[in-house]
Amino acid sequence: MLERYKEATKKSKVNWDHALEIFPGGMSHNIRSFGLDRVHVYPPFMQRGEGSHIWDVDGNEYIDYWMTHFSLILGHNYPAIRKTILDQLEQGVHLGTLNEPQIEFGEMLKNAIPYMKLLRFCTTGSDATMYATRLCRLFTGKQLVGKVKGGWHGGNDALCYHLHYPFKDEPFFDGVSFEFNDRNSLDTLLKAHGKKLAAIIIEPVLGAGGGLAPEPDFIPYLREETESRDILLVFDEIITGFRLCFGTAGNQVFGVEPDLVTLGKIVAGGMPLGVYGGREDVMALAAPGAPGGRWVGGGTFSSHHLSMVAGKATLAALKDYKNKYSQLNQRGTKFRKKITAIFDHVQIPAIVTGEGSIVFIHLLKSSLTERYPTASQIGDVFNKTQTDLFQASLIEKGIFGYHGLGGLSFAHSEADLHHTLDVIEKITPHFKIHPT
Ligand SMILES: Cc1ncc(COP(=O)(O)O)c(C=O)c1O
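What counts, and where the lines are drawn
Residues numbered from 1 in each chain as written. Predicted model: local features only at pLDDT ≥ 70, side-chain atom pairs only at ≥ 80, totals over all residues. Heavy atoms only, no water. Pairing = 2+ DSSP bridges. Helix = DSSP H or I, 4+ residues; strand = E, 2+ residues; numbered from the N terminus. Axes fitted to C-alpha atoms, helices over the stretch in contact; angles between N-to-C directions. Contact = heavy atoms within 4.5 Å. Buried < 20%, exposed > 50% of the residue type's maximum accessible area, 1.4 Å probe, protein only. Domains from an automatic or database assignment. Buried area = accessible area lost by both parts, 1.4 Å probe. Salt bridge = Lys/Arg side-chain N within 4 Å of Asp/Glu carboxyl O. Polar contact = N/O pair within 3.5 Å; in protein donor to acceptor, adjacent residues only side chain to side chain. 1 Å grid on protein atoms, 1.4 Å probe; cavity = no way out; pocket = protein on both sides within 12 Å on 5 of 7 lines; lining within 4 Å. Points joined across faces, edges and corners; volume = space filled by probe spheres on them. Nonpolar A, V, L, I, M, F, W, Y, C, P; charged D, E, K, R; others polar.

## Brief notes about the sheet that holds strand E4 (residues 118-122)
Argument step 1. Pairing in this open sheet of seven strands is mixed, and the strands run E4-E10-E9-E8-E7-E5-E6 from one edge to the other. Edge strands, defined here as strands with exactly one partner in the open sheet, are E4 and strand E6 (175-178). Taken over all neighbouring pairs, the strand axes of this sheet differ in orientation by 20° on average, direction set aside.
Argument step 2. Relative to strand E8 (residues 232-236), strand E7 (residues 197-202) runs parallel, the two being bridged by four bridges. Across the sheet, residue Ile 200 finds its bridge partner in E8, namely Leu 233.
Argument step 3. Sheet contacts for helix H5 (residues 100-112): E4, strand E9 (260-264) and strand E10 (274-278); angle to E4, the most-contacted strand, approximately 125°.

## Section: helix H8 (residues 218-228)
An α-helix turns once every 3.6 residues. As a result, residues three or four positions apart point the same way.
Argument step 1. The set of residues buried in H8 consists of Phe 218, Ile 219, Tyr 221, Leu 222, Arg 223, Glu 225 and Thr 226.
Argument step 2. At its buried positions, H8 is contacted by E6, helix H7 (183-193), E7 and E8.
Argument step 3. In the segment just after H8, Asp 230 is the residue with positive phi, at about 55°.

## Things to note about the domain arrangement of the chain
Argument step 1. Under the domain assignment used here, the chain contains domain 1 (2-74 + 323-432) and domain 2 (79-320).
Argument step 2. Taken over C-alpha atoms, the centre of domain 1 sits 26 Å from the centre of domain 2.
Argument step 3. Taken residue by residue, the interface counts 28 residues in domain 1 and 33 residues in domain 2.
Argument step 4. Regarding the contact of domain 1 and domain 2, the summed buried area is about 2600 Å², with carbon and sulfur atoms giving 61% of it.
Argument step 5. On inspection of domain 1 and its partner domain 2, the count reaches zero salt bridges.
Argument step 6. At the boundary of domain 1 and domain 2, one finds 12 residue pairs in polar contact (both at pLDDT 80 or more).

## Re empty space enclosed by the protein
Argument step 1. Per the counting criterion, the structure on display carries one cavity of 30 Å³ or more.
Argument step 2. When its volume is computed, the largest cavity comes out at roughly 40 Å³.
Argument step 3. In terms of residue class, the lining of the largest cavity is built from five nonpolar, four polar and no charged.
Argument step 4. A domain split of the lining of the largest cavity shows at least three residues from each of domain 1 (2-74 + 323-432) and domain 2 (79-320).

Right under this line is the structure:
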């Protein structure tokens, strides 16, 4: 299989060798090798995307489930987004001044997320989570922040720790962590550090940490426990925002309003963007000269003109898809069940996780007894090599993704899904012969 891949991706190989001379590890985002370097090949270099498909520099076509890090719920090269970017380009790329589209886009976001009374734009999701937790520190006068083991909130120093099992790396500063879906772990953390915690930041559905949906009462329990201790709750909805519904999942799907929320990815339709917002009294500390405030925000490219017009076009389009989210979520649920059935049929230990249109596949060393484990439970039995080989097999067969697969978009057709299931059915038996 890897030989066939090499044969079909010769230009990518030349690029990869060249990239290794320029970038540490050959890239500027560690996951863009999609695990292929770990199985001794190289990632394809992509050139073009349209709807649910992408093409690499060698001309190979793929059904894409990576969809630009889960950003493109409308599909690649969505006409209204492309048009608005091209129209704006006629007037300049980014002026670095106030602009009108930011007001209109900000208003659209506020309307979709009623608890977000004030908000700010920044350049990436990493900025957004950094500024959100900085605001929590300023507001509470406390330094410590809690996060979930396996939770990825971007590359900032404040939150870039306890990402990978067994979660032993030292935080850069003032950070603690607990297990997603585990009340005991949360209780232990609160008992030990509750008085010192400024905030807890959490994705309502754990993304890069395993694609784990929350147990039914976990998110409400977290809200009660943080509220009663004056700990601010930040929902990182950079993946889930506008993915599970038109707006945010915390309140609409799981029934909980946070104090602050962060957004990114989907809301700017593929342009770089981070958003942080929420309670008026907390957000007000970001204003210049606010009593008790400090520097929050900045960024040459914050409220980037192209991101603002793309954001407006994305939200306008998604409003038309508002009633189609439940259908997309159901398609995702059905898809996960069908993939699970394929693995069960050939008796290969694997778990398919996610919520709505999010679909992660983990190959395991042994079967799990539960369907909704914590990041550590998955980490204990995760078979990294087999999962990497499975990912490589999918890519060789024209199914592009990461974390096993990735996310569905409104652009994915039934034919895309059928073909993907056929490919999975075809390749899974080969994974039986490999021991751990
Ligand atoms: C949940 C979550 N938060 C934050 C980030 C960081 O966003 P960005 O890559 O735009 O900095 C990501 C990116 O993958 C994410 O998935």
